[in-house]
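So the chains spell out like this:
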Amino acid sequence: MLRCRSVVSLAKKLDPSATRAIRATRAAVLAGFGNLAFFCVFFFCLPTSFAVAQALPQFAAKLEPFLTLRAGSSVRADVEKRLGTPTRQIKPEVFEYPPPSDGASTAMGIQSIQVEYLSDAQVGTNVVVRMDAWLAAPMAIDSLRARFGQPVFQQNRKDGLREELYFPQLMGAITSADQPDFALAISYLAPISLANVFCDLSSQAMREKRYGDAKEPADNAVVVDPNYARGFLAQGIFYYFAENIEEAMVRFVAASHAQYSARKVAHAHVWMATVYWKKKKQLELARAEYQKALAIAPDFDTVHLEYGRFLKSQKEFDAALSAFTKANELGQAPNEARMELAIFWVNQKAANKALPYLVQLAAWADGGGKSVTSILSADYIYAFYAYALAQARGERNPLFGGSDEETLAVIANYEKAVRLASKLVWVYAELGDEYVASSEWDKAEATYRYGLSLDPKNIGMNQKMAEVLLSLNRIDAALHQAEQALSLAPNEGATMMTMARAYALRHQGQEALAWLRRAGAAGYQAQYRGNLVLEEGIFDEIVNEDELRRLLPGRRER
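Bear in mind that the values here come from a model prediction, so they are computed numbers and not experimental data. The residue numbers shown here count from 1 along each chain, following its written sequence. Only residues with pLDDT of at least 70 are given local features in this predicted model, and only at 80 or more are side-chain atom pairs given and counted; all residues enter the totals for whole chains, interfaces and linings. Excluded from the side-chain calculation are hydrogens and water; included are all heavy atoms of the structure.

(A) Region of the structure containing the overall build of the protein. Put simply, DSSP H or I for four residues or longer makes a helix, DSSP E for two residues or longer makes a strand, and each gets a number counted from the N terminus. Across its full length, the protein holds 28 helices and nine strands. Burial classes follow relative accessibility: with a 1.4 Å probe on protein chains only, a residue under 20% of its type's maximum area counts as buried, one over 50% as exposed, and anything between as partly exposed. In the protein, buried positions account for 48% of the 558 residues. Note on definitions: a residue-residue contact is assigned when non-hydrogen atoms from the two residues lie within 4.5 Å. Sequence separation of 24 or more characterises 55% of the internal contacts of the protein that already satisfy a separation of 6 or more. Computed by Shrake-Rupley with a 1.4 Å probe, the accessible areas treat only the displayed protein chains as cover when residues are assessed. Split by element, the accessible area of the protein, about 26400 Å² in all, is 52% carbon and sulfur.

Pasting the structure below:
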């Protein structure tokens, strides 16, 4: 269960001039000012445009310190001076402390205190962003609600508990799911804590393509913490995917001038670069924004990853490789970088260099790893792994049929993609080809048929299906399928040869000869099919070998 209430309307009541200022900024941008004018307008309007949010620090000032500690300004040294050394580490950034033995903590019945820290070059080192005071006995929550105000966010937590977060008092209450009216812990929040909750909601809505649900939590994040770049980023991303690029740019610029955090500010420059690159086609401005992002957060893998994609689009392949490699080395979220490296090396016909990355990605997918990024969907990972394995294998050895270890690995990974009902049509084409090479005609037919259900007008798939049906001696069906392929590509010589073979198998010599001639005129080359055309003997009743060679360009391979 998740419930979220808007905090924007409350803030607008505090400063109604905000709406007018935002409109003025928007009007200036939409009027088409040049870059210099745009930035000037933006910065003159910024103090009032976002005054909605700037009123919020007065609320934080109303909060009483908790045991002399305040989320958002106290640091770890302050905590440990007051509480001593932690008793355990819960997460990399979360520690548990014993309560001090004094009247205040005893009166509250505090059993333990969990503190979450944030480290950032722009914020400071080990700043407290949240404190949870766990109680020895549950406390009726009504008295807390009366003090904190109405909750603006309620959710079930991953640990099975439930929490309510409040605004303008930056407080929270943690309850059990079955007893929501009794608090197990009281939370003290920095603005960034509640802002992150809203940003997560906005991001989740965007991932699930519930675009209409993404804007309000993004707006809430900006209201709660106007100094935090992530809220403006969430707004900008919403407008970007709504194709309102000028509104998106206003928010990205705001994020790039927020006080913290370094990575989110750098990410804002990445998004500005994306707008210049993909929407405005201003490539040098895009490059400049990527370089600003690198200067701000040189250890942020996302910056290197996105810059690498830009460089690849500009055919600066060595620089792109360096950027992808750096993104992978930084390793905060390496999977996209690994896939980009794998794609790079496969495109360079160096599949052996791609395979180590694909082995890691396939293991991640086997373990249930999921991503909304298309190149990190499990079906794509398995399919691309199979494709790289096939490239590394090279031509199949006919002595093995389909039983050699390399081919079995290729087929197994394509089959994994197919079992996930992949929508990638090329996967069915490649897997069908593997089955054909193994003379598994029934499997090939089923595979091509599913591919055709996804893309009935796929020329290659129609041609492949016609050949498989011919191999299954279903001549009428093969002719029908070949006619379908020719309706899509009337000058395709390979399909004409399928027609010729079908009529020859029907012993309709004149029709077969006519299609042979058409295939030769269309440029069909016999060597593309190895020796099969010449050795099957199906044309022996119609033409001799010399005439067949004359009709079809190419030479017989011996």
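(B) Spotlight on the environment of valine 418. Turning to its location among the elements, valine 418 is positioned in helix 20 (residues 405-419). Owing to a relative accessible area of 27%, valine 418 belongs among the partly exposed residues under this scheme. For the pair valine 418 and threonine 447, spaced 29 residues apart in sequence, the C-alpha separation works out to 8.8 Å. Excluding residues that lie within four positions of it along the chain, valine 418 makes contacts with Val427, Tyr428 and Leu431.

(C) Structural context of the confidence of the model for the protein. Per-residue confidence for the protein gives a mean pLDDT of 85, with 83% of residues at or over 70. Across the protein, element-level confidence peaks in helix 14 (residues 283-296) with a mean pLDDT of 98 and bottoms out in helix 4 (residues 51-54) with 36. Across residues 13-22 the pLDDT falls below 50, and counting only partners more than four positions away or on other chains, this stretch makes 12 contacts in the model. Segment residues 528-532: pLDDT under 50, and five contacts once partners within four positions in sequence are set aside and those in other chains are kept. For every residue, the predictor states its confidence as a pLDDT score lying anywhere from 0 to 100.

(D) Seen up close, helix 25 (residues 493-505). Any helix carries an expected span of 1.5 Å times its number of residues minus one. For helix 25, built from 13 residues, the straight-helix expectation of 18 Å at 1.5 Å per residue is met to within 8% by its first-to-last C-alpha distance of 18 Å. Within helix 25, 11 of the 13 residues are buried, which leaves the element mostly enclosed by the surrounding structure. Here helix 25 has its buried residues at Gly493, Thr495, Met496, Met497, Thr498, Met499, Ala500, Arg501, Ala502, Tyr503 and Ala504. Following helix 25 by one or two positions, histidine 507 has its phi on the positive side, about 65°.

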